[in-house]
Amino acid sequence: MISSKTMGRASGLLLVVLALGFFFATYNLITMITHNRSVGKLITEDSDGKLFMDPVIEMPEEVKKLKTTKSPFHVALTATDAPYSKWQCRIMYYWYKKKKGLPGSDMGGFTRILHSGNPDNLMDEIPTVVVDPLPAGMDRGYVVLNRPWAFVQWLQKATIEEEYILMAEPDHVFVAPLPNLVHGGYPAAFPFFYIKPEDNEKIVRKFYPEEKGPVTDVDPIGNSPVIIRKDLLEKIAPTWMNVSLKMKQDPETDKTFGWVLEMYGYAVASALHGVQHILRKDFMVQPPWDRDLGKTFIIHYTYGCDYNLKGELTYGKVGEWRFDKRSFLHGPPPRNLSLPPPGVPETVVTLVKMVNEATANIPNWNNQ
């Protein structure tokens, strides 16, 4: 017969073993989550806010269960007072107002950060803060260098109620209400196929030394579109400005990076501050290369769209039908643009329809 004393010892030993088992299981789980948060930039999400496997590196299930933060964000875009910039801003602001109040939107206030130094004729139409451009000659003809300097000034002088900021551009149109895509404290960004830090490691190392970490810490992104906590952007923005200026002053870097130099500047500056981004491929589409809208949020019309009347892409050659923002450098596009021929992808057709709707409803469209 087993005594109650012996049974008590056995029960005590069993409890100790169980406690140790739970301790090690919990420790391993926390360690796994902590480790994978450190590589959070590899996590991607679909437009329903559900995490899915990155196409390159698969992430553990524990990471996929982390909840998405939902909170209003302030929409901010930098702009000049040139006609080319102004008509894009008007279309962008029109679609912001259309999508802001819809279900699923976390879009808060809006600011056009005008870095021309003086007010223009859109001050009453679009909420605007005027900031100074870089000193004459400092941008070396690369006007985009004014973008980080504009954000530095705006963050210092403006009262921004929202905790988060979306850095957007004039040639963005919102095709769906945009939620806050920030996840677990990590900013959300769109991955650009042509931003390749690893392929340009020699150049990147001039500004992101080896002691800072692997070059893979530099995300394949630009500053836009990015949703980020305001306090993080306040830390990154001055570094982004300084790194971009140094890149422009270095002939090898300037030649290698060209028109995307400032994008590399933001990516490197973020890495210098230990900030990594969740890469959201559904953040936006870029016609004509992206053919289907899917569940995306933004159309970015940076590329020209040229097609023949059979609906075939003739990129690099002016098409029989075309829409290219650079065709309207000195003034806005006319109202009621012709629609593309049959067979042209959904993204291009949607873009032209959205431009037409905006121009039809914006008062005094041609008075810019």
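Given the structure is predicted, the values throughout are model-derived calculations rather than measurements. Numbers given to residues run from 1 along each chain, matching the order in which its sequence is written. Local features in this predicted model are restricted to residues whose pLDDT is 70 or higher, and side-chain atom pairs enter the listing and the counts only when it is 80 or higher, whereas totals over whole chains, interfaces and linings include all residues. Side-chain calculation: all heavy atoms of the structure are included, whereas hydrogens and water are not.

Comments concerning the overall build of the chain
Let me state the cut-off plainly: The helix and strand labels rest on DSSP assignments: H or I over at least four residues marks a helix, E over at least two residues marks a strand, and numbering proceeds from the N terminus. Note on classification: 1.4 Å probe, protein chains only; a residue is buried when its accessible area is under 20% of the maximum for its type, exposed when over 50%, partly exposed between these limits. Note on definitions: a residue-residue contact is assigned when non-hydrogen atoms from the two residues lie within 4.5 Å. Residue-level accessible areas treat just the shown protein chains as cover; the underlying method is Shrake-Rupley with a 1.4 Å probe.
In terms of helices and strands, the chain carries 9 helices and 14 strands. Within the span of the chain, comprising 368 residues, buried residues form 54% of the whole. Across the chain, every contact between residues at least 6 apart in sequence was considered, and the portion connecting residues at least 24 apart equals 70%. As displayed, the chain offers around 17600 Å² of accessible surface, 57% of which is attributable to carbon and sulfur atoms.

Points about the pairing of strand 6 (residues 164–168)
Cut-off, in case you're wondering: By the convention used here, strands pair only if DSSP detects at least 2 bridges between them.
With 5 of 5 residues buried, strand 6 is to be regarded as a mostly interior element. Burial along strand 6 is two-sided: the face carrying Tyr164, Leu166 and Ala168 and the face carrying Ile165 and Met167 are both buried. Sheet analysis places strand 3 (residues 73–79) next to strand 6, joined by 5 bridges and oriented parallel. Counted as the bridge partner of Val75 is Leu166 from strand 6. Relative to strand 9 (residues 226–229), strand 6 runs antiparallel, the two being bridged by 4 bridges. Note on strand 9: the bridge partner recorded for Tyr164 is Arg229.

Description of the confidence of the model for the chain
The line we're drawing: Values of pLDDT, the confidence the predictor places in each residue, fall between 0 and 100.
Summary statistics for the chain give a mean pLDDT of 86 and a share of 81% for residues scoring 70 or more. Confidence over residues 1–65 falls short of pLDDT 50; this stretch has 73 contacts with residues more than four positions distant or in other chains.

A short note on the sheet that holds strand 9
Sheets are built from strands that pair by backbone hydrogen bonding, the pairs being arranged parallel or antiparallel. Pairing is mixed across the open sheet formed by 7 strands, whose spatial order is 5-4-3-6-9-8-10. The two strands at the open ends of the sheet, each matched to only one other strand, are strand 5 (128–130) and strand 10 (278–279). Direction of pairing for strand 4 (residues 107–114) relative to strand 5: parallel, over a ladder of 3 bridges. Paired with Ile113 across the two strands is Val129, which belongs to strand 5.

Regarding the layout of surface pockets
As a reminder, the rule being used: Think of a 1 Å grid over just the protein atoms. A cavity is a set of points where a 1.4 Å probe fits yet cannot get out, a pocket is an open set with protein on both sides within 12 Å along at least five of seven lines, and lining residues have an atom within 4 Å of a point. Grid points are joined across faces, edges and corners, and a volume is the space filled by probe spheres set on the points. Only Asp, Glu, Lys and Arg are considered charged, only Ala, Val, Leu, Ile, Met, Phe, Trp, Tyr, Cys and Pro nonpolar, and every remaining residue, Gly among them, polar. Segment limits for the domains were obtained from an automatic or database-derived domain assignment.
Estimates place the volume of the largest pocket at around 680 Å³. Val143, Val144, Arg147, Glu169 and Lys325 are, among the 27 residues lining the largest pocket, the residues nearest its centre. Elements with a contribution of two residues or more to the lining of the largest pocket: strand 3, helix 3 (83–100) and helix 8 (261–272). Sorting elements by how many residues they give to the lining of the largest pocket places helix 3 first, with 3 residues. Of the residues belonging to the lining of the largest pocket, the class tally is 12 nonpolar, 9 polar and 6 charged. In this structure, the lining of the largest pocket is formed jointly by two domains, domain 1 (182–279) and domain 2 (288–361), each of which donates at least three residues.

Regarding the environment of Val268
Position of Val268 among the secondary structure elements: in helix 8. Sequence spacing of Val268 and Thr239 is 29 residues, and the spatial spacing of their C-alpha atoms is 8.9 Å. When sequence neighbours within four positions are dropped, the list of residues in contact with Val268 reads Val204, Phe207, Tyr208, Val218, Val243 and Met247.

Comments concerning the sheet that holds strand 12 (residues 298–300)
Operational definition: Axis lines are fitted to C-alpha atoms, over the contacting stretch for helices. Their N-to-C directions set the angle, which ranges from 0 to 180 degrees.
An order of 7-12-11 is seen for the 3 strands of this open sheet, with the pairing classed as mixed. Both outer strands of the open sheet, strand 7 (172–174) and strand 11 (284–285), are each paired with one neighbouring strand and no more. One ladder, built from 3 bridges, connects strand 7 with strand 12; its direction is antiparallel. Bridge pairing in strand 12 links Phe174 to Ile298. Here helix 9 (residues 346–361) sits on the sheet in contact with strand 7, strand 11 and strand 12, set at roughly 95° to strand 12.

Quick notes on the side chain of His277
Rule in force here: Definition of a polar contact: a pair of N or O atoms within 3.5 Å, with one able to donate and the other able to accept a hydrogen when the atoms are protein atoms, and with sequence-neighbouring residues admitted only if both atoms are side-chain atoms.
Within the secondary structure, His277 is located in the loop between helix 8 and strand 10. For His277, a relative accessible area of 0% gives the class buried. In this structure the side chain of His277 is engaged in a polar contact, spanning 2.9 Å, whose partner is the side chain of Asp219. Within polar-contact distance, the side chain of His277 engages the side chain of Tyr266 at 3.0 Å.

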